[in-house]
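Coordinate inspection notes
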Number of protein chains: 6
Amino acid sequence: MSELTHFNEQGRARMVDISEKNETVRTARATTSVRVNELIYRQIREGGNKKGDVLAVAQVAGIMAAKNTSQIIPMCHPLMLSGVDIEFEWAVDEAADSYEVFLYATVRTKGSTGVEMEALTAASAAALTIYDMCKAAGKDMVIGPTMLLEKTGGKSGDYSRNEA
Amino acid sequence: MSELTHFNEQGRARMVDISEKNETVRTARATTSVRVNELIYRQIREGGNKKGDVLAVAQVAGIMAAKNTSQIIPMCHPLMLSGVDIEFEWAVDEAADSYEVFLYATVRTKGSTGVEMEALTAASAAALTIYDMCKAAGKDMVIGPTMLLEKTGGKSGDYSRNEA
Amino acid sequence: MSELTHFNEQGRARMVDISEKNETVRTARATTSVRVNELIYRQIREGGNKKGDVLAVAQVAGIMAAKNTSQIIPMCHPLMLSGVDIEFEWAVDEAADSYEVFLYATVRTKGSTGVEMEALTAASAAALTIYDMCKAAGKDMVIGPTMLLEKTGGKSGDYSRNEA
Amino acid sequence: MSELTHFNEQGRARMVDISEKNETVRTARATTSVRVNELIYRQIREGGNKKGDVLAVAQVAGIMAAKNTSQIIPMCHPLMLSGVDIEFEWAVDEAADSYEVFLYATVRTKGSTGVEMEALTAASAAALTIYDMCKAAGKDMVIGPTMLLEKTGGKSGDYSRNEA
Amino acid sequence: MSELTHFNEQGRARMVDISEKNETVRTARATTSVRVNELIYRQIREGGNKKGDVLAVAQVAGIMAAKNTSQIIPMCHPLMLSGVDIEFEWAVDEAADSYEVFLYATVRTKGSTGVEMEALTAASAAALTIYDMCKAAGKDMVIGPTMLLEKTGGKSGDYSRNEA
Amino acid sequence: MSELTHFNEQGRARMVDISEKNETVRTARATTSVRVNELIYRQIREGGNKKGDVLAVAQVAGIMAAKNTSQIIPMCHPLMLSGVDIEFEWAVDEAADSYEVFLYATVRTKGSTGVEMEALTAASAAALTIYDMCKAAGKDMVIGPTMLLEKTGGKSGDYSRNEA
């Protein structure tokens with residue numbers, strides 16, 4: 001579909017009607033990342049062991065944001081999410097002084113519309129939480145790029161990002 | 001300051017105490033962007049004129065998210081924001097088939113802690129709203145990188161991102 | 001039905017049980033208005049073209065309030081709204097110095113209870129937003145009357161306001 | 001002041017900066033009403049005595065909505081309300097079959113901007129709650145007109161609605 | 001089931017997937033209590049008659065908290081509650097100077113997961129509200145113990161607390 | 001003070017006016033506990049090391065609930081919390097098959113009213129989160145008693161619970 005359907009005949013935003021759409025299982029998976037300095041990297045890694053766990057807090061933030069998506073994104077439909085998960089993966093190249101944590105948010109529902117926005121919002125909120133908890137050790141962190149990796153379910157069919 | 005101060009002696013997250021910090025005027029400015037395809041670019045630009053204004057909705061989403069930051073980011077202090085603004089700037093290179101809208105969120109407060117997170121959250125929510133309203137015309141959009149550009153006020157002094 | 005069903009045997013408010021009610025498509029349409037002075041009228045009309053669009057912000061406020069109705073109205077059931085739209089219509093009589101914008105909020109869901117409150121809440125929030133954004137140019141604005149125009153779906157049948 | 005200050009140079013909505021404004025005590029008082037049929041009137045009055053108290057629930061809804069105003073009205077500044085009260089007053093003319101309850105919401109704060117919107121929002125949410133709890137006995141209820149009665153404090157001075 | 005299912009393979013919290021679970025009617029009933037001093041007891045009892053009704057406010061707080069449970073408890077699934085009720089019961093032994101009000105929260109839904117947390121949260125919020133409204137007359141009040149009394153529906157079967 | 005000040009002259013609840021009260025630093029400390037079975041005890045303790053950290057999630061839930069108190073407790077004033085911390089302490093008597101985790105929530109602000117409710121709400125939400133995450137391994141858990149341990153600041157003076 002190639003039109004902006006979020007507008008009514010007056011040219012004003014609306015929440016599009018989905019009452020005729022079928023309830024199916026739908027999933028979406030989004031990713032973002034946070035690029036940090038070496039000090040922050042060491043503190044997060046150590047913290048996970050003994051000094052306090054930044055990623056545990058980010059995880060909770062992401063899950064709660066997923067549930068809150070329709071209050072953050074104006075035209076998003078409220079949805080009963082059936083599952084939310086977030087995973088972290090470090091990409092570290094010490095020689096190049098490069099420290100980046102990748103976040104993968106997976107959201108599932110059984111509903112009438114997709115959960116792409118919930119996955120993107122979960123990833124974003126988790127990344128922002130990492131920024132917040134580490135910013136005393138360096139404000140140069142960079143979040144993203146943030147993007148949808150894949151979705152399944154719904155009339156528009158499955159989507160998988162082509163990374164070629 | 002170079003420690004993760006968001007943890008207590010048990011190694012668990014806490015919201016750090018700021019009751020001894022002075023109330024001063026503080027500002028922060030953050031940026032992100034959304035890279036879109038040509039179709040979406042044309043629809044947003046036209047919409048701003050007559051068919052519906054995606055960026056107006058994104059603007060509202062960003063401002064409301066700024067006010068809601070302490071409910072989205074777990075260790076963020078609640079703050080009485082005194083001003084929030086978001087600006088948009090297109091970077092288009094038709095020859096290279098490149099269409100990107102940059103978002104700049106500026107937040108001000110008179111309070112005991114900074115507003116970096118509010119600016120970053122405002123920019124993120126506005127970008128996610130653009131994604132949401134345009135995703136029917138292409139799910140390959142990329143959000144970010146998202147970063148802090150500058151902050152003023154507070155004991156830790158001013159910050160300005162060094163883009164060299 | 002002619003009883004206040006929102007009370008339990010102790011005479012205290014409860015959220016009535018709807019778990020036995022059928023899921024059907026339900027719609028509701030409510031209206032309100034904002035009576036403004038000539039200055040505000042001109043500013044809103046011009047703004048829609050070039051200086052800033054008050055009604056676009058009101059539209060977003062109304063849609064978000066519709067989704068948030070069960071958090072604003074204590075005994076309202078949470079509902080997965082499937083569609084929300086708001087339209088504006090000016091009634092202007094310059095000779096009589098009368099400037100009034102009418103708001104029409106339409107809400108749809110597929111659920112076990114009606115969406116009258118969501119439509120009324122959307123209209124009210126949108127009207128309050130117009131008041132907020134224009135009050136620097138005159139605080140005498142009057143909101144309403146606010147009322148339900150029609151509803152469809154559900155056991156109690158359809159309703160259409162008799163305006164005779 | 002006679003301009004729409006809620007827009008930036010791009011013509012987009014912003015939350016105006018109030019960081020230079022003084023903190024003073026500010027009050028606002030708003031009113032609305034709900035016109036009901038005789039059956040609803042009798043049920044509410046009896047309920048107040050023994051069967052369940054509609055107005056007690058409306059009171060709580062109004063107070064909570066006042067505190068939530070900056071989340072409902074997009075460009076409203078968050079404010080630390082220092083006091084909220086709501087009063088009810090029946091205007092009944094049985095001969096004319098006319099039953100109307102007037103609501104008066106009073107809000108106080110010590111802050112940098114006024115509380116007109118909080119008073120208007122409190123009155124509106126309380127009225128909507130009355131509608132919700134009584135709608136099984138008649139959907140013809142009419143809410144409003146809703147308006148500001150007076151405000152005190154702040155640079156723009158006091159305001160009192162001229163009802164002549 | 002005897003494992004902590006709320007963690008993913010990385011040992012981090014997740015909201016477990018329930019998209020394969022059946023939608024059935026589910027109920028839960030939880031209890032807590034507030035132990036007060038004689039002065040508070042007399043004020044609440046009188047208030048119920050003529051001076052203001054603490055329990056009416058607590059009732060509303062409990063019902064709204066039930067609806068808000070998935071925003072308060074991080075790993076809770078959002079649920080469309082179909083009914084919420086709260087009852088109060090005094091246990092008074094004047095000879096022993098003992099005044100305690102018991103709260104019973106009953107929650108119903110038609111959904112894919114149980115409502116135990118909603119019932120416990122409703123009871124807790126109602127009890128906290130009693131504390132709040134009476135604390136000027138004595139801060140020694142004690143809330144709880146808080147516990148689940150029974151649940152019905154769902155694969156794990158019914159539960160009834162064994163009070164032997 | 002020994003009166004219920006939360007009611008207006010109509011006998012209806014109000015949020016009492018605090019605009020004349022001084023801003024001072026205020027603290028409050030509250031406690032609750034969760035009594036669990038041996039299986040749950042072992043799972044939580046192991047989880048803290050390698051399988052997933054229940055208490056880390058409970059910590060975040062408590063801190064976010066503290067910030068959200070004025071939206072959960074109807075007559076609570078909104079407050080800019082300056083610090084929130086939660087600590088856990090196990091009391092285990094294996095011989096008696098007794099496993100109980102105590103929670104201590106400490107809240108600080110610089111404001112015009114106390115933070116007792118914020119501390120009590122933080123403790124309650126953290127305890128409810130423990131219940132939620134462990135209920136698959138036994139629903140007999142008991143939360144509380146929940147009580148205020150101490151408060152400082154404000155006109156009514158300091159309070160310390162007398163546990164004799």
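In this text, all values refer to a predicted model and were calculated from it rather than measured experimentally.

Re helix 2 (residues 54-67) of chain E
Here helix 2 of chain E is 14 residues long and its end C-alpha atoms lie 21 Å apart, about the 20 Å a rise of 1.5 Å per residue gives. In terms of burial, helix 2 of chain E is largely enclosed, as 14 of its 14 residues are buried.

A few points about the interface of chain A and chain B
With 52 residues of chain A in contact, the opposing surface of chain B contributes 52 residues. Here chain A and chain B share an interface that buries about 4400 Å² over both sides, 66% of which is from carbon and sulfur atoms. Here chain A is connected to chain B by 4 salt bridges. Across the pair Arg161 of chain B and Asp140 of chain A runs a salt bridge whose closest N-O atoms are separated by 4.0 Å. Our enumeration of links across chain A and chain B arrives at 10 residue pairs in polar contact (both at pLDDT 80 or more). Sorting the residues of the side of chain A that touches chain B by element identifies helix 1 (38-51), helix 2 (54-67), helix 4 (116-134), strand 4 (142-143) and strand 5 (147-152) of chain A as the ones contributing at least two each. Residue contributions to the side of chain A that touches chain B peak at 12 residues, all from helix 4 of chain A. Looking at side-chain class alone, the side of chain A that touches chain B contains 30 nonpolar, 11 polar and 11 charged residues.

Some remarks on the environment of Val16 of chain A
Residues and elements named next belong to chain A. Inspection of the secondary structure puts Val16 in the segment before strand 1 (24-36). The class of Val16 is buried, set by a relative accessible area of 17%. A sequence separation of 113 residues divides Val16 from Thr129, and the C-alpha atoms of the two residues are 31 Å apart.

Remarks on the interface of chain C and chain E
Tallying the contact residues gives 21 residues for chain C and 22 residues for chain E. With both chains or domains summed, chain C and chain E bury close to 1800 Å², and 52% of this area falls on carbon and sulfur atoms. For chain C, the biggest contributors to the area lost against chain E are Arg12, Met15 and Gln71 of chain C; these three give 33% of the whole. Counting every contact that joins chain C to chain E gives 2 salt bridges. We note a salt bridge from Asp17 of chain C to Arg108 of chain E, for which the minimum N-O separation is 2.6 Å. Viewed at the interface, chain E and chain C are joined by 15 residue pairs in polar contact (both at pLDDT 80 or more).

Focus on the relation of the copies chain A and chain B
Superposition record for chain A on chain B: RMSD 0.0 Å, screw rotation 180°, translation along axis 0.0 Å. Here the transformation between the copies is reduced to the relation of a two-fold axis. The residues that chain A uses at the interface reappear at the interface of chain B in 100% of cases, marking a shared surface.

Looking at the pairing of strand 1 (residues 24-36) of chain E
For a regular strand, the rule is simple: side chains alternate between the two faces of the sheet. All names here are of chain E. Here strand 1 runs beside strand 3 (residues 98-111); their pairing, made up of 13 bridges, is antiparallel. By the bridge assignment for strand 3, Val25 is matched with Lys110. Inspection of the sheet shows strand 1 paired to strand 5 (residues 147-152) by 5 bridges, in the antiparallel sense. Across the sheet, residue Ala30 finds its bridge partner in strand 5, namely Leu148. In this structure, strand 1 lies alongside strand 4 (residues 142-143), joined through 2 bridges in antiparallel fashion. Counted as the bridge partner of Val34 is Ile143 from strand 4.

Overview of the relation of the copies chain C and chain E
Superposition of chain C onto chain E requires a rotation of 120° combined with a translation of 0.0 Å along the rotation axis, giving an RMSD of 0.0 Å. Look at the turn and shift together and you get a three-fold axis relating the two. The C-alpha atom lying nearest the rotation axis in chain C is that of Met80 of chain C; the distance is 4.6 Å. An asymmetric contact is evident, with only 10% of the interface residues of chain C recurring at the interface of chain E.

Points about the packing of aromatic side chains
All names here are of chain A. A full pass over the atoms with the stated rule returns 12 aromatic pairs over all chains. Where Tyr41 meets Trp90, the ring centres are 4.8 Å apart and the plane angle is 75°; that geometry is what we call edge-to-face. Here Tyr41 is found in helix 1, whereas its partner Trp90 is found in strand 2 (residues 81-93), with 49 residues between them in sequence. Of the two residues, Tyr41 and Trp90, both sit in the buried class. Taken together, Tyr41, Trp90 and Tyr99 form an aromatic cluster joined through their ring pairs.

Considering the nonpolar core
Counting 318 residues, the largest nonpolar core has Ile130 of chain A, Ile130 of chain B, Ile130 of chain C, Ile130 of chain D, Ile130 of chain E together with Ile130 of chain F as the members making the most contacts within it. Other than its neighbours up to four places away in sequence, Ile130 of chain E contacts Val34, Ile44, Val54, Leu55, Ala58, Phe88, Val101, Leu103 and Met141 of chain E.

Cut-off values and rules
Residues numbered from 1 in each chain as written. Chains lettered and ligands numbered in written order. Predicted model: local features only at pLDDT ≥ 70, side-chain atom pairs only at ≥ 80, totals over all residues. Heavy atoms only, no water. Helix = DSSP H or I, 4+ residues; strand = E, 2+ residues; numbered from the N terminus. Expected span 1.5 Å × (residues − 1). Buried < 20%, exposed > 50% of the residue type's maximum accessible area, 1.4 Å probe, protein only. Contact = heavy atoms within 4.5 Å. Buried area = accessible area lost by both parts, 1.4 Å probe. Salt bridge = Lys/Arg side-chain N within 4 Å of Asp/Glu carboxyl O. Polar contact = N/O pair within 3.5 Å; in protein donor to acceptor, adjacent residues only side chain to side chain. Nonpolar A, V, L, I, M, F, W, Y, C, P; charged D, E, K, R; others polar. Least-squares fit on C-alpha atoms with pLDDT ≥ 70 in both. Pairing = 2+ DSSP bridges. Phe/Tyr/Trp six-rings, centres within 6.5 Å; stacked < 30°, edge-to-face > 60°. Core = buried A, V, L, I, M, F, W, Y, C linked by side-chain atoms within 4.5 Å.

Keep in mind these numbers describe shape, not what the thing actually does.
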